[in-house]
Amino acid sequence: MHPGFGVYIHIPFCAKKCDYCAFATFTDRHQLTSDYLGALRTHIQRSVANQMPKATSVFIGGGTPTLVPADELMSVLAEIPLASGAEVTVECNPDDVTAEMMRTFRSSGVNRVSIGVQSTVEHVLGSLGRTHDPENVQRSVRFAKEAGFETFNLDIIYGAAGETLDDWSKTLIDVVALDPPHVSAYGLTVEANTVLATQPDRHPDDDDQADKYLLCDDMMSSHGLNNYEISNWAKSGHECKHNSLYWQQGNYEGFGSAAHAHLNGRRWWNVRTPERYIELVNAGESPESSSETLDAKTSKREMLQLLVRTREGVPLGSFSDADLEEMSELLECQNDRIVLTRSGRLLANEVALRLIDEI
Ligand SMILES: C[S@@+](CC[C@H](N)C(=O)[O-])C[C@H]1O[C@@H](n2cnc3c(N)ncnc32)[C@H](O)[C@@H]1O
Ligand code: SF4
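The structure presented is a predicted model; accordingly, all values stated were derived computationally and were not measured.

Scoring rules and cut-offs
Residues numbered from 1 in each chain as written. Chains lettered and ligands numbered in written order. Predicted model: local features only at pLDDT ≥ 70, side-chain atom pairs only at ≥ 80, totals over all residues. Heavy atoms only, no water. Helix = DSSP H or I, 4+ residues; strand = E, 2+ residues; numbered from the N terminus. Buried < 20%, exposed > 50% of the residue type's maximum accessible area, 1.4 Å probe, protein only. Contact = heavy atoms within 4.5 Å. Areas by Shrake-Rupley, 256 points an atom, 1.4 Å probe, with all protein chains shown as cover. Lys, Arg positive; Asp, Glu negative; His and termini not counted. Charge placed at Lys NZ, Arg CZ, Asp CG, Glu CD. Core = buried A, V, L, I, M, F, W, Y, C linked by side-chain atoms within 4.5 Å. Polar contact = N/O pair within 3.5 Å; in protein donor to acceptor, adjacent residues only side chain to side chain. Pairing = 2+ DSSP bridges.

**Brief notes about the overall build of the protein**
For the protein, the helix and strand inventory stands at 13 helices and 15 strands. Viewed in the frame of its principal axes, the protein has a C-alpha envelope of about 60 × 45 × 40 Å. Taken across its 359 residues, the protein has 52% of its residues classed as buried. In the protein, of all internal contacts separated by at least 6 residues, the share reaching a separation of at least 24 is 69%. Taken as a whole, the protein presents about 16000 Å² of accessible surface, with 48% of it coming from carbon and sulfur. Charge-centre separation for the protein: the mean point of 31 positive side chains lies 5 Å from the mean point of 52 negative side chains.

**Remarks on the nonpolar core**
Ile9, Ile11, Met102 and Phe105 are the most contacted members of the largest nonpolar core, which totals 78 residues. Beyond its immediate sequence surroundings of up to four residues, Ile9 is in contact with Leu40, Ile44, Phe59, Ile60, Gly61, Val76, Ile80 and Phe255. Residues Cys18, Val124, Ile157 and Leu196 belong to the second largest nonpolar core, which totals ten residues.

**Side note on the side chain of Thr25**
Structurally, Thr25 is set in the loop between strand E1 (5–11) and helix H1 (33–49). Judged by relative accessible area, Thr25 falls into the buried class, the value being 7%. A distance of 3.0 Å separates polar atoms of two side chains, one belonging to Thr25 and the other to Lys17. Residues within four places of Thr25 in sequence aside, it is in contact with His10, Pro12, Cys14, Lys17, Gly62 and Gly63.

**Topic: the sheet that holds strand E15 (residues 337–340)**
Here three strands make up an open sheet; going across it, the order is E13-E15-E14 and the pairing antiparallel. Edge positions in the sheet fall to strand E13 (314–315) and strand E14 (331–334), since each has one partner strand and no second. With two bridges connecting them, E13 and E15 associate as antiparallel partners. Paired with Val314 across the two strands is Ile338, which belongs to E15.

**Structural notes on the environment of Ile9**
The residue Ile9 is located in strand E1 in this model. Assessed through its relative accessible area of 0%, Ile9 is described here as buried. In sequence terms Ile9 and Thr171 are 162 residues apart; their C-alpha atoms lie 29 Å from each other.

Written out as structure tokens, the structure is:
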């Protein structure tokens, strides 16, 4: 298991709900901001008093952390004891980013920002139900660099209705022109209970997404960004520690509504709405909504399913000889590990179904 300890903080507010997003975020509860941040501080203080380990990574995500006043957000971060060299990331929406916000983050210990670019083509952003102006992406990156961020991530999405291969190519060209040390590119997925789910004519096409994935991989590789997990590319040394901890089944605490946590095989998640979270924390009660404990076999299976998606791959023996032979185009052996080939990355879910249980 991963030796580090992660902290995830969820900020459940958004200016507008994107058509494809099923995350626990709300557009009508900004008036709760101050009480919510107060509850986060109280909850963190309690865990610290309860011997919470120093964090090797912190991820402030959402929702939209940049909708909250930066100095107040940083007062929450200040409650978390950090291990030396900890990675501290804040997710940013390009419309909200200001030079002052980036300076406040940087001087308060944030050392990585993750900017939600999604696309640099206006009609594609419109098709995703996004509000931001593509110009704001360049400005946000400039402010981040000027504030001294040596590493940052750009998030992009492929497969929106009406997005041509040329549109996607333009997004990729614009993204690499910003010289990002890390890029996450996600295939648009249809999640239940979203606007997108109710409109089948806008659903992504598998073949189109496969072409766009390969184009993305080519573009990233030719700009020195190496694929280290199916959807993630980084320059050497800029891989995201927090995500790597998730992929290696590390321990992490989750603060805020709908945040998930994991400690030695027990997983739990908090109540979904910010008002319920505030209420429970202020009453001195646990905001935990539900939990599950993984048995050794399920835990091992999940670990292999996560690892097979990474550059590290899985141990020899994780697949039967017959499956290895049948999937010879999709899997290859590298330094005593089995890793996905480029075509294998396109079919990772199908490949993962063939992992052997009993090892
Ligand atoms: C939940 S958002 C939070 C950060 C920020 N609000 C934003 O939108 O960039 C984190 C990432 O998940 C992506 N995401 C959310 N739902 C998705 C979906 N259905 N398919 C693909 N990516 C998705 C977002 O676009 C974003 O890049
Ligand atoms: S994708 Fe980001 S901005 Fe859009 S609704 Fe989800 S969390 Fe909010």
